[in-house]
Each structure stands twice: as structure tokens, then as C-alpha cells.
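Structural features, examined
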Amino acid sequence: MKKFELPPLPYAYEALQPVISKEIMTLHHDKHHAAYVNGANAALEKLEKSRKGEMEIDMKATLRDISFNLSGHNLHSMFWPNMGSNKGGTPGGKIADQINKDFGSFASFQKEFSAAAKTTEGNGWAVLAFHPQTEQLFVIQLEKHNVAAIPGLRPLLVLDVWEHAYYLDYKNDRAKYVDSWWNVVNWDDVEKTFSKL
Ligand SMILES: [Fe+2]
């Protein structure tokens, strides 16, 4: 079985300051993201042993572990390139046209996405995703990494609102983190992903 690997950050740990500190980025990437990669690989190893008859596993628990950890790994792998230093602003290209078509305006999209991020219960994510069959964008909330997911949607832009993503910098003020985060959104990366669909 192919193992999952922790991708390197596409920029320096301090690149997103002052929006996100070097300390948060270091812990977030090197510890939290790494833990999801390790968790997904550990669950895969159990499956591998089960298939070879070397181990009896709790199938429900193992598949739950894979869903949770692999979702965490995939979301963080998108989150890092979704951001960059001296970014933010408004998008151009096809994604701008699609946002205007589906949300009416960039401001309307931004309001909906921010509200999703600020009201996600407990730990989770706000996600902008595309539904290819109906060719429209959706904003969704993912609690944890995988609760309330909609199969078939293709994520384009993800915002981590787990406390580990902001607490050291913003304490309990998640709304301030979400509002500041727009200044590091890398719309070129979103456009690149969208163009490949
Ligand atoms: Fe995270």
C-alpha cells in the first residue's frame, strides 16, 4: 500500500505573519498535520495486516480512523497552498466569474464563507467547493474533518477553524482570525485547482 507523506510547506513558517504567526505554522504543520499523516498510515497498516490474515481488526473503528485522519491530511494539504504572503484581495479568472454567477458578488460569497467559518461548531472547516454535475459552487461546513461532508463536491478553498489553527494568536476570537485570514488567501492557487476540474 502507498503511504501518505507530509508535504513541505510551500513557504517559510513566518511567511504569513502577522496574520498567522511562525509559532502556529510550525506547530500546525509539523505536529498537527504530521499526526494526521501518521494516523492515516497507522490505520492503513492495520488494514494491510488484516488482509494478510495477520491481525483481527475492529473494521468500523479502523475505517473511521482512515476517514478522520485522511480527511485531515487532505484538507491540510490544500490549506497550505491556499495561502501565501502578500496575497488576499479579490480573485480574477474563471473562479471570479463563477463566484459572481453563483453568489451574486464577491462580497456576498465572502459574507457566506465567513459566516460558515465563524459558526462551525467545535473544530472544523469552512470549504468552498464545486459540484461538477450542476456546475455550481457551494460553501459547506465540515465539523471535525469529515462530518457533514457531501460526496461529489470538489474542494477549492478551505479554512481551518480548529482551535490549533488560531488560538495562540487570537485566543477565543475566532471571528478576528477569520476576518484577518482573507489577507493571505492565494486566489491563484484556487484558480489553478478550479481550472483543472
Ligand atoms: Fe489544522
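Located above this text is the structure these notes cover.
Cut-off values and rules
Residues numbered from 1 in each chain as written. Predicted model: local features only at pLDDT ≥ 70, side-chain atom pairs only at ≥ 80, totals over all residues. Helix = DSSP H or I, 4+ residues; strand = E, 2+ residues; numbered from the N terminus. Expected span 1.5 Å × (residues − 1). Bend = angle between axes of the 7 residues up to and from the residue. Contact = placed C-beta atoms within 7 Å. Core = buried A, V, L, I, M, F, W, Y, C linked by C-beta atoms within 7 Å. Buried ≥ 20, exposed ≤ 12 C-beta atoms within 10 Å, placed from the backbone. Domains from an automatic or database assignment.

Attention shifts here to helix H1 (residues 22-51). Along its 30 residues, H1 runs 42 Å from first to last C-alpha, staying within 8% of the 44 Å computed at 1.5 Å per residue. At histidine 28, H1 shows its maximal kink, close to 35°. Against helix H2 (59-79) and helix H5 (167-170) lie the buried residues of H1. A positive phi of about 75° marks glycine 53, the residue just after H1.

With 35 residues, the main nonpolar core has Ala117, Trp125, Ala126 and Leu159 as its most contacted residues. With five residues, strand E1 (residues 124-131) is the largest single contributor of residues to this core. Each of domain 1 (22-79) and domain 2 (93-196) contributes no fewer than three residues to this core. Look past the residues within four positions of alanine 117 in its chain and what remains in contact with it is Ala126, Leu159, Val161 and Val178.

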